[in-house]
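Examining the three-dimensional arrangement
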Amino acid sequence: MLNHRKLAARALLAVVFWPSLFFFWFLGPFVFFLLSTTSSEVCARLETRAQFLASANGVIPMLALQDLIYAVPIVCLVLWDRLAPDPARARHIVTCIKLFASAVVVGALWEYGSSLVCDGYGQPFFSPAWQMTSYLPIVSLVLNVPLYVLAFSLGRAFSTRDDLQEDGASPPA
């Protein structure tokens, strides 16, 4: 009976993990980027440093929500590891968590910085260092590609039934 519960819990986690991985991690960045950065219409109406700062600070709640939603696949991996502990997988999950935390910081800096440098008037309201955030998508890509591959492979390993043999046939009952 306990084995059936574990299998049901693993299946439930798989039902949450796979859609969240594909929707949130692959499609979500485009949606959140459009929602969180200051649009070109708003930029034309910003004239003072205080207005730019208020606009940039307005993206902080969206960034926090985005990061909570993005954490769903990582939480699933941690829960899967609690159901079926494996030291080798646990090390990979820790690597996933570290990559995820780094990607969150880089993504937040990029989106916040892009909100600060959106004016088209060349007004020097903020340090030119914020303009350097335009290079952070490259860093984000370097972090996210191994994160996606590792999370995908861990998800595949966790959501595959243990009682299936290499050839895909179930053992005799």
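Up top you'll find the structure we're talking about.
Description of the structure in this document. Predicted model, so just to flag it, every value in this text is computed and none were measured.

A general trend in soluble globular proteins is that nonpolar side chains are found buried together. One finds W25, L77, C96 and F100 to be the most contacted residues of the largest nonpolar core, which totals 26 residues. At the level of secondary structure, the elements contributing two or more residues to this core comprise α1 (2-36), α5 (72-83), α6 (87-116) and α7 (136-159). Contacts of C96, omitting those with residues within four sequence positions, involve I74, L77, L147, L150, A151 and L154.

Moving on to α7. Residues that lie three or four places apart on an α-helix share one face, since the helix turns once every 3.6 residues. In this model α7 runs 33 Å from its N-terminal to its C-terminal C-alpha over 24 residues, within 8% of the 34 Å that 1.5 Å per residue would give. By the burial criterion, the buried members of α7 are L136, S140, L143, N144, L147, L150, A151, L154, G155 and F158.

What follows is about the packing of aromatic side chains. One pass over the structure, following the stated rule, counts 6 aromatic pairs. A centroid spacing of 4.8 Å and a plane angle of 85° characterise the contact between F17 and W18, whose relative ring orientation is edge-to-face. An identical accessibility class is assigned to F17 and W18; each is buried. Here the aromatic rings of W18 and F152 are separated by 5.2 Å at their centres, their planes lie at 75°, and the arrangement is edge-to-face. With W18 in helix α1 and F152 in helix α7, this pair connects stretches of sequence that are 134 residues apart. Stacked on the ring of F158, the Lys or Arg R89 has its end atom at 4.8 Å from the ring centre.

Attention shifts here to the pattern of salt bridges. Here the structure, examined in full by the defined rule, presents 1 salt bridge. A salt bridge links D86 to R89; the nearest nitrogen and oxygen atoms lie 3.8 Å apart. Assessed through its relative accessible area of 29%, D86 is described here as partly exposed. A relative accessible area of 21% places R89 in the partly exposed class.

With that settled, consider the side chain of D81. Structurally, D81 is set in helix α5. Buried charged residue D81 carries no salt bridge. Nearest counter-charge: R89, at 6.6 Å. D81 has contacts with D86, R89, A90, I93 and F158, leaving out every residue within four places of it along the chain.

Next up on the list: the packing of α5 against α7. The axes of two packed helices give the description: the angle between them and the distance between them. For the pair α5 and α7, the least separation of the axes is 10 Å and the interaxial angle reads 40°. As far as their axial angle goes, α7 and α5 are oblique. Of the two possible hands of crossing, α5 and α7 adopt the one that is left-handed. Contact residues: I74, L77, W80 and D81 in α5; L147, A151, L154, G155, F158 and S159 in α7. Along the lines of polarity and charge, the residues of the contact of α5 with α7 split into 7 nonpolar, 2 polar and 1 charged.

Rules used throughout
- Residues numbered from 1 in each chain as written.
- Predicted model: local features only at pLDDT ≥ 70, side-chain atom pairs only at ≥ 80, totals over all residues.
- Heavy atoms only, no water.
- Core = buried A, V, L, I, M, F, W, Y, C linked by side-chain atoms within 4.5 Å.
- Buried < 20%, exposed > 50% of the residue type's maximum accessible area, 1.4 Å probe, protein only.
- Helix = DSSP H or I, 4+ residues; strand = E, 2+ residues; numbered from the N terminus.
- Contact = heavy atoms within 4.5 Å.
- Expected span 1.5 Å × (residues − 1).
- Phe/Tyr/Trp six-rings, centres within 6.5 Å; stacked < 30°, edge-to-face > 60°.
- Lys NZ or Arg CZ within 6 Å of the ring centre and 35° of its normal.
- Salt bridge = Lys/Arg side-chain N within 4 Å of Asp/Glu carboxyl O.
- Lys, Arg positive; Asp, Glu negative; His and termini not counted.
- Axes fitted to C-alpha atoms, helices over the stretch in contact; angles between N-to-C directions.
- Parallel < 35°, antiparallel > 145°, perpendicular 65-115°, else oblique.
- Left-handed = near helix turned anticlockwise from the far one by under 90°.
- Nonpolar A, V, L, I, M, F, W, Y, C, P; charged D, E, K, R; others polar.

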